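Examining the three-dimensional arrangement
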Amino acid sequence: MAPHTPVLFTAVRTADGRLVDLLTADGRISAVGPAPSDGPPAGCVTVDAGGALALPSPVDAHIHPDKTTWGGPWLSREPAHSLRDLIEGDVRARSRVPGSVAERSGALMDTAVAHGTRAMRAHVDVAPVYGLSAVHGVRAAADARADLLDVQVVAFPQLGLVSRPGTAELLTRSLAEGADVLGGLDPVGVDGDRDGQLDFLFGTAVRAGVPLDIHLHDGNPDGVRQLTEIARRTVDAGLEGRVTVSHAFCVADLTGDELAATARLLAESGIALTTCALGADPVLPTAALTGYGVLVAAGSDGVRDAWSPFGDGNMINRAHLLAYRTDARTDDELVACYDVVAQGGAALLGLEPSRLAVGDPADFVLVGAASVPEAVVDRPVPRFVVRGGRVIARDGRLTV
Ligand SMILES: [Zn+2]
């Protein structure tokens, strides 16, 4: 099927339970409604959705594909008692993992796409020990799949920035060699130099015209102090809407007036947050934050890497985990978790929203569920993954 062939998807279930036909043309949804009485329009291909529910395609707003072992042999993980243990264990493990970055990250991207992922923001290690090899590898994997997936590459100083001489120069170079976003990491907890790291990040972001995405694991009170300083610098630099703080465990600790004050500060400064709902890690109170106008998106984080044996790059599963970890119970709460994954992610990556309305990009999945809340709980593998109106995967496997 050529990319722009009109396709009529018949018997598609909508979020409000109706069965409709959905016509796509030129990459967009061109009609949604009852089956035309005079049959499908001339020249279009027909796909019977068989009553499957249409969901906007999910977005993975935070993933580390360069670290994954996906597609390779099992990796046994070393015990770790601190962030520093995990970082050092990761470096040691990397030398034992077979397969190039492009092969491993490409295998993970294929699985993600086959389970519906429309786009991902990939945090990729930049450090003197690796140079820019991981950025080049992930970029190559992404370029080879440009018709299946949008990928933003974040140059991520996993081993430290100002505390690891040579890293700043590599980060700057990476922006001309495949990275789209500049990353940071715990200015206090890892670098021990808040202003040193933030001076570099904000100065470079303004000069190079790139967004920032800063990992912040530090708890309170250090975490909120850093977040407050990031917000101040964001507004000073005119970078509202261009700065993300990932994990932001410190925000998960907050309640009541403290949560309200921090959420207002983030919303006013145009700072987005990502959360991954992992294991015992703190998870952001997504409903409260979005209620204050904070943009929140979700991601896989590490997938089957030296950090974690878990993860699968499947963002419908991630919506389920987010719902489970945030104690979602009502239909509205379950739907809100899917919205974080689909709409939050699309907004964070600057993608045009796909809400299954006429004129929207025809990026959606068709799943065996009667409603969005049921899909979040059941985690069905998509029967069809549709990108730009073209079926690119069926039943968890790529078809192109
Ligand atoms: Zn991360």
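Everything below is about the structure shown above.
Anyway, here's the lowdown on the structure attached to this text. As the structure is a computational prediction, the values presented were derived from the model and not from experiment. Here the residue index of a chain counts from 1 through its sequence in written order. Totals for whole chains, interfaces and linings use all residues, but because this is a predicted model, local features are given only for residues with pLDDT of at least 70 and pairs of side-chain atoms are given and counted only at 80 or more. Derived side-chain values reflect all non-hydrogen atoms in the structure, with water molecules and hydrogen atoms excluded from consideration.

Let us now look at the sheet that holds strand β12 (residues 271-275). Paired strands are those between which DSSP finds at least two bridges. Only DSSP runs of H or I with at least four residues qualify as helices, and only runs of E with at least two residues qualify as strands; both kinds are numbered from the N terminus onward. Read from one edge of the open sheet, eight strands run β6-β7-β8-β9-β10-β11-β12-β13, paired in parallel fashion. Strand pairing shows two members of the sheet lacking a second neighbour, β6 (59-63) and β13 (296-298), which therefore form its edges. On average, each strand axis in the sheet is tilted by 25° relative to the strand beside it, whichever way the strands run. In what follows, a contact means two residues having at least one pair of non-hydrogen atoms within 4.5 Å. To get an axis, a line is fitted to the C-alpha atoms, and for a helix only the part in contact is used. The angle between two axes follows their N-to-C directions and goes from 0 to 180 degrees. In the packing of helix α11 (residues 331-348) onto the sheet, the strands contacted are β6, β7 (119-125), β11 (243-246), β12 and β13, and the crossing angle to β13 comes to about 110°.

Let us look at the coordination of the zinc ion. With water excluded from the atoms, a metal site may look incomplete; its donors are any N, O or S atoms within 2.8 Å, or within 3.2 Å for Na, K and Ca. Listed as protein donors to the zinc ion are His-62 (NE2), His-64 (NE2), His-215 (NE2) and Asp-301 (OD); their distances from the metal cover 2.1 to 2.4 Å. The rule is simple: four donors are tetrahedral if all their angles sit between 85 and 135 degrees, four are square planar and six octahedral if opposite donors span more than 155 degrees and the others lie between 65 and 115, and anything that fits none of that is irregular. Classification of the site at the zinc ion rests on its four donor atoms, whose angles at the metal span 88 to 170°, yielding the label irregular. Going along the chain, you hit the donors of the zinc ion in the pattern H-x1-H-x150-H-x85-D. A residue pair is termed long-range when its members are at least 10 positions apart, and His-64 in the loop between β6 and α1 (83-94) and Asp-301 in the loop between β13 and α10 (315-325) qualify at 237 residues. The same class applies to His-64 as to Asp-301, namely buried. Buried residues are those whose accessible area, probed at 1.4 Å on protein chains only, stays under 20% of the maximum for their type, while exposed residues exceed 50% and partly exposed ones sit between those limits.

How two helices pack is summed up by the angle between their axes together with the distance between the axes. In the contact formed by helix α5 (residues 194-208) and helix α6 (residues 222-236), the axes pass within 11 Å of each other and the chain directions differ by 30°. Here α5 is positioned roughly parallel relative to α6, judged by the angle of their axes. Helix-helix and strand crossings are classified by hand; for α5 and α6 the assignment is right-handed. Residues Arg-194, Asp-195, Leu-198, Asp-199 and Phe-202 of α5 touch α6, and the partners they reach there are Gln-226, Glu-229, Ile-230, Arg-233 and Thr-234. Working definition: roughly parallel below 35 degrees, roughly antiparallel above 145 degrees, roughly perpendicular at 65 to 115 degrees, and oblique for all remaining angles. Two helices that cross are described as forming a left-handed crossing if the nearer one is turned anticlockwise from the farther one by less than a right angle, and a right-handed crossing if clockwise.

In this structure, the amide linkage connecting Asn-220 to the following residue, Pro-221, adopts the cis form with an omega of 5°. Mapping Pro-221 onto the fold places it in the loop between β10 (212-215) and α6. The residue His-247 is not glycine, and still its phi comes out positive at about 75°. Looking at where His-247 falls in the secondary structure, it is placed in the loop between β11 and α7 (249-252). Backbone geometry places Ala-277, a non-glycine residue, at a positive phi of 50°. When you line up the elements, Ala-277 lands in the loop between β12 and α9 (286-291).

Positionally, Ala-297 belongs in strand β13. Distance in space between the C-alpha atoms of Ala-297 and Glu-240 is 17 Å, their sequence separation being 57 residues. Non-local contacts of Ala-297, meaning those with residues more than four positions away in its chain, are made with Ala-61, Leu-273, Thr-274, Thr-275, Val-340, Gly-344, Gly-345 and Leu-348.

Moving on, we get to the packing of aromatic side chains. Here the aromatic set is Phe, Tyr and Trp, taking the six-membered ring for Trp, and pairing holds for ring centres within 6.5 Å; pairs whose planes are under 30 degrees apart are stacked, those over 60 apart are edge-to-face, and all others are tilted. In the structure shown here, the tally under the stated rule is one aromatic pair. For the ring pair Phe-9 and Phe-364, a centre distance of 5.3 Å and an interplane angle of 80° mean the geometry is edge-to-face. Placement of the pair is Phe-9 in strand β1 (residues 7-13) and Phe-364 in strand β14 (residues 364-367), with a sequence separation of 355 residues. For a ring to carry a charge above it, either NZ of a lysine or CZ of an arginine must fall within 6 Å of the ring centroid while also lying within 35 degrees of the normal to the ring plane. A cation sits over an aromatic face here: Arg-77 above Trp-74, 4.8 Å from the ring centre.

Put simply, helix α2 (residues 101-114) and helix α3 (residues 133-143) touch, their axes get as near as 8 Å, and they point 45° apart. For the element pair α2 / α3, the angle class is oblique. Our pair here, α2 against α3, has a crossing hand that is right-handed. Residues Val-101, Ala-102, Ser-105, Gly-106 and Met-109 of α2 pack against Ala-134, Gly-137, Val-138, Ala-141 and Ala-142 of α3. Note on residue categories: nonpolar means Ala, Val, Leu, Ile, Met, Phe, Trp, Tyr, Cys or Pro, charged means Asp, Glu, Lys or Arg, and polar means any other residue, Gly included. When its residues are assigned to classes, the contact of α2 with α3 shows seven nonpolar, three polar and no charged.

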